[in-house]
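Topology and contacts: notes
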Amino acid sequence: MSQKIPIKKFSFRILVFSVIIAGLSLLFQIICPKIASPALPFIVLFFMIITLFTMYIVLHDDKAKAEKRFVSNYLLSRIIKLISCLLFVVLYVILNRKDAWNFAIAFLVIYFLYSIFEVVVLKKENQELSK
(Lines give C-alpha, C1' and ligand atoms only; values in the text may rest on other atoms or scores of the structure.)
Protein backbone atom coordinates (compact mmCIF):
# COMPACT_ATOMS: atom_id res chain seq x y z
CA MET A 1 0.00 0.00 0.00
CA SER A 2 1.46 3.34 -1.01
CA GLN A 3 1.59 6.32 1.29
CA LYS A 4 -0.63 9.26 0.39
CA ILE A 5 0.90 12.70 0.13
CA PRO A 6 -0.78 14.77 2.87
CA ILE A 7 -3.29 17.04 1.14
CA LYS A 8 -5.15 17.65 4.42
CA LYS A 9 -1.97 18.85 6.10
CA PHE A 10 -1.22 21.17 3.19
CA SER A 11 -4.80 22.48 3.24
CA PHE A 12 -4.52 23.30 6.93
CA ARG A 13 -1.22 25.08 6.34
CA ILE A 14 -2.61 27.14 3.46
CA LEU A 15 -5.62 28.07 5.58
CA VAL A 16 -3.40 29.28 8.44
CA PHE A 17 -1.13 31.12 5.99
CA SER A 18 -4.14 32.75 4.34
CA VAL A 19 -5.54 33.92 7.67
CA ILE A 20 -2.16 35.51 8.48
CA ILE A 21 -1.97 37.21 5.06
CA ALA A 22 -5.60 38.38 5.39
CA GLY A 23 -4.81 39.84 8.82
CA LEU A 24 -1.76 41.65 7.46
CA SER A 25 -3.83 42.91 4.52
CA LEU A 26 -6.50 44.24 6.87
CA LEU A 27 -3.83 45.94 8.97
CA PHE A 28 -2.36 47.49 5.82
CA GLN A 29 -5.80 48.75 4.78
CA ILE A 30 -6.22 50.38 8.21
CA ILE A 31 -2.74 51.93 8.29
CA CYS A 32 -2.55 53.05 4.64
CA PRO A 33 -6.12 53.34 3.32
CA LYS A 34 -5.18 55.66 0.44
CA ILE A 35 -2.75 53.20 -1.18
CA ALA A 36 -4.33 49.91 -0.12
CA SER A 37 -6.56 48.32 -2.72
CA PRO A 38 -10.09 47.62 -1.49
CA ALA A 39 -9.76 44.27 -3.27
CA LEU A 40 -7.09 42.93 -0.88
CA PRO A 41 -9.44 40.43 0.83
CA PHE A 42 -10.52 39.11 -2.56
CA ILE A 43 -6.91 38.74 -3.68
CA VAL A 44 -6.13 36.66 -0.59
CA LEU A 45 -9.28 34.56 -1.11
CA PHE A 46 -8.41 34.07 -4.78
CA PHE A 47 -4.91 32.87 -3.95
CA MET A 48 -6.11 30.57 -1.19
CA ILE A 49 -8.56 28.90 -3.58
CA ILE A 50 -6.21 28.72 -6.58
CA THR A 51 -3.35 27.45 -4.43
CA LEU A 52 -5.52 24.71 -2.94
CA PHE A 53 -6.71 23.72 -6.40
CA THR A 54 -3.28 23.72 -8.03
CA MET A 55 -1.67 21.89 -5.14
CA TYR A 56 -4.43 19.30 -5.31
CA ILE A 57 -3.35 18.67 -8.91
CA VAL A 58 0.22 18.15 -7.71
CA LEU A 59 -0.49 16.16 -4.53
CA HIS A 60 -3.52 14.01 -5.37
CA ASP A 61 -1.65 10.95 -6.67
CA ASP A 62 -0.42 8.23 -4.38
CA LYS A 63 3.32 8.15 -3.72
CA ALA A 64 4.24 5.67 -6.47
CA LYS A 65 2.43 7.60 -9.18
CA ALA A 66 3.43 10.99 -7.76
CA GLU A 67 7.13 10.23 -8.17
CA LYS A 68 6.61 9.51 -11.86
CA ARG A 69 4.21 12.35 -12.65
CA PHE A 70 5.23 15.06 -10.18
CA VAL A 71 6.96 17.29 -12.72
CA SER A 72 4.14 17.14 -15.28
CA ASN A 73 1.51 17.71 -12.58
CA TYR A 74 3.50 20.61 -11.15
CA LEU A 75 3.88 22.24 -14.58
CA LEU A 76 0.16 21.77 -15.26
CA SER A 77 -0.63 23.45 -11.93
CA ARG A 78 1.65 26.38 -12.81
CA ILE A 79 -0.08 26.88 -16.17
CA ILE A 80 -3.52 26.82 -14.54
CA LYS A 81 -2.38 29.27 -11.88
CA LEU A 82 -0.78 31.62 -14.41
CA ILE A 83 -3.84 31.73 -16.66
CA SER A 84 -6.17 32.19 -13.66
CA CYS A 85 -4.02 35.04 -12.34
CA LEU A 86 -3.92 36.78 -15.69
CA LEU A 87 -7.70 36.54 -16.08
CA PHE A 88 -8.28 37.80 -12.55
CA VAL A 89 -5.97 40.81 -13.01
CA VAL A 90 -7.25 41.71 -16.49
CA LEU A 91 -10.90 41.51 -15.43
CA TYR A 92 -10.33 43.60 -12.33
CA VAL A 93 -8.32 46.25 -14.19
CA ILE A 94 -10.95 46.47 -16.93
CA LEU A 95 -13.76 46.82 -14.38
CA ASN A 96 -11.94 49.15 -11.98
CA ARG A 97 -9.35 51.35 -13.67
CA LYS A 98 -9.05 53.75 -10.69
CA ASP A 99 -7.56 51.05 -8.49
CA ALA A 100 -5.49 49.34 -11.21
CA TRP A 101 -1.99 50.20 -9.93
CA ASN A 102 -2.69 49.57 -6.26
CA PHE A 103 -4.42 46.31 -7.15
CA ALA A 104 -1.61 45.16 -9.45
CA ILE A 105 1.08 45.86 -6.87
CA ALA A 106 -0.88 44.12 -4.08
CA PHE A 107 -1.62 41.20 -6.38
CA LEU A 108 2.06 40.81 -7.28
CA VAL A 109 3.19 40.94 -3.64
CA ILE A 110 0.62 38.36 -2.57
CA TYR A 111 1.46 36.20 -5.62
CA PHE A 112 5.10 36.07 -4.53
CA LEU A 113 4.17 35.34 -0.90
CA TYR A 114 2.02 32.37 -1.94
CA SER A 115 4.65 31.15 -4.41
CA ILE A 116 7.32 31.18 -1.71
CA PHE A 117 4.94 29.41 0.65
CA GLU A 118 4.23 26.68 -1.92
CA VAL A 119 7.91 26.05 -2.62
CA VAL A 120 8.80 25.87 1.07
CA VAL A 121 5.92 23.51 1.90
CA LEU A 122 6.54 21.26 -1.12
CA LYS A 123 10.24 21.06 -0.33
CA LYS A 124 9.53 20.21 3.32
CA GLU A 125 6.96 17.55 2.38
CA ASN A 126 9.31 16.05 -0.19
CA GLN A 127 12.08 15.81 2.40
CA GLU A 128 9.72 14.20 4.94
CA LEU A 129 8.49 11.64 2.39
CA SER A 130 12.03 10.84 1.29
CA LYS A 131 12.99 9.71 4.79
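The following refers to the structure shown.

Rules behind the numbers
Counting starts from 1 at the beginning of each chain's written sequence and moves along it residue by residue. This being a predicted model, a pLDDT of at least 70 is required before a residue's local features are given, and a value of 80 or more before pairs of side-chain atoms are given or counted; all residues contribute to the totals for chains, interfaces and linings. Just so you know, side-chain values use all the structure's heavy atoms and leave hydrogens and water out. Secondary structure follows DSSP: runs of H or I at least 4 residues long count as helices, runs of E at least 2 residues long count as strands, and numbering of each begins at the N terminus. Remark: exposure states derive from per-residue accessible area (1.4 Å probe, protein chains only) relative to the maximum for the residue type, with buried under 20%, exposed over 50%, and partly exposed in between. Note on contacts: a residue pair is in contact if any heavy atoms of the two residues lie within 4.5 Å. Here, Shrake-Rupley sampling with a 1.4 Å probe gives the accessible areas, and only protein chains in the shown set may cover a residue. Any Lys or Arg side-chain nitrogen located within 4 Å of an Asp or Glu carboxyl oxygen qualifies as a salt bridge. Paired rings are identified among Phe, Tyr and Trp, the last through its six-membered ring, by centres lying within 6.5 Å, and are further divided according to the angle between planes into stacked (under 30 degrees), edge-to-face (over 60) and tilted (the rest). Angles shown run from 0 to 180 degrees and are taken between the N-to-C directions of axes, each axis being a line fitted to C-alpha atoms and, for helices, limited to the stretch in contact. For classification, angles of less than 35 degrees are called roughly parallel, those exceeding 145 degrees roughly antiparallel, those between 65 and 115 degrees roughly perpendicular, and all remaining angles oblique. Handedness of a crossing is defined here by the sense of rotation of the near helix relative to the far one, left-handed for an anticlockwise turn of less than a right angle and right-handed for a clockwise turn. For this classification, Asp, Glu, Lys and Arg are treated as charged, while Ala, Val, Leu, Ile, Met, Phe, Trp, Tyr, Cys and Pro are nonpolar and the rest, including Gly, are polar. Like-charged residues within 9 Å of one another, or nonpolar side chains (Val, Leu, Ile, Met, Phe, Trp, Tyr) within 5 Å, are grouped into patches, provided each residue has over 30% relative accessible area and no salt bridge.

Broken down by element type, the chain carries four helices and zero strands. Reading the helices (α) and strands (β) of the chain from amino to carboxyl end gives α-α-α-α. Out of the 131 residues in the chain, the part that is buried amounts to 35%. Relative to all contacts within the chain whose residues are 6 or more apart in sequence, the contacts with residues 24 or more apart total 73%. Summing over all exposed atoms, the chain offers an accessible surface of approximately 8,600 Å²; the carbon and sulfur share of this is 75%.

As enumerated under the stated definition, the model contains two salt bridges in all. Here Glu118 ties to Arg78 by a salt bridge, and the two come within 2.7 Å at their closest N and O atoms. One end of the pair, Glu118, is in helix α4 (residues 100–130); the other, Arg78, is in helix α3 (residues 63–95), with 40 residues separating them in the sequence. Put simply, Glu118 and Lys81 hold a salt bridge, and the shortest N to O gap is 2.5 Å. With Glu118 in helix α4 and Lys81 in helix α3, this pair connects stretches of sequence that are 37 residues apart. Owing to a relative accessible area of 1%, Glu118 belongs among the buried residues under this scheme. Residue classification places Lys81 among the buried positions, given a relative accessible area of 1%. One network of salt bridges, in which partners are shared, links Arg78, Lys81 and Glu118.

The next point concerns the packing of aromatic side chains. A ring pair, where both rings are aromatic, is described by two values, the distance of the centres and the angle of the planes. Within the structure shown, the criterion is met by 14 aromatic pairs. Taking the centre distance of 5.5 Å and the plane angle of 20° together, the rings of Phe47 and Tyr114 count as stacked. Of the two residues, Phe47 sits in helix α2 (residues 40–59) while Tyr114 sits in helix α4, which places them 67 residues apart along the sequence. Across the pair, exposure class does not vary: Phe47 and Tyr114 are buried alike. Between Tyr111 and Phe112, the aromatic rings sit 5.7 Å apart at their centres with planes inclined by 75°, giving edge-to-face as the arrangement. Through a chain of ring-to-ring contacts, the aromatic side chains of Phe10, Phe17, Phe46, Phe47, Phe88, Tyr92, Phe103, Phe107, Tyr111, Phe112, Tyr114 and Phe117 assemble into a single cluster.

Between helix α1 (residues 7–31) and α2, the least distance of the axes is 9 Å, while the angle of their chain directions is 165°. Between α1 and α2, the angle is such that the two are roughly antiparallel. Of the two elements, α1 crosses α2, and the hand of that crossing is right-handed. Only Leu40, Pro41, Val44, Met48, Thr51, Leu52, Met55, Tyr56 and Leu59 of α2 make contact with α1, whose side of the interface consists of Ile7, Phe10, Ser11, Ile14, Leu15, Ser18, Ile21, Ala22, Ser25, Phe28 and Gln29. Looking at the contact of α1 with α2, its residues break down into 15 nonpolar, five polar and no charged.

Another point: a nonpolar patch on the surface. Where nonpolar side chains cluster on the molecular surface, the patch consists of Phe12, Val16, Ile20, Leu24, Leu26, Leu27, Ile30 and Ile31 and spans about 820 Å² of accessible area. Following the sequence through the fold, Ile30 ends up in helix α1.

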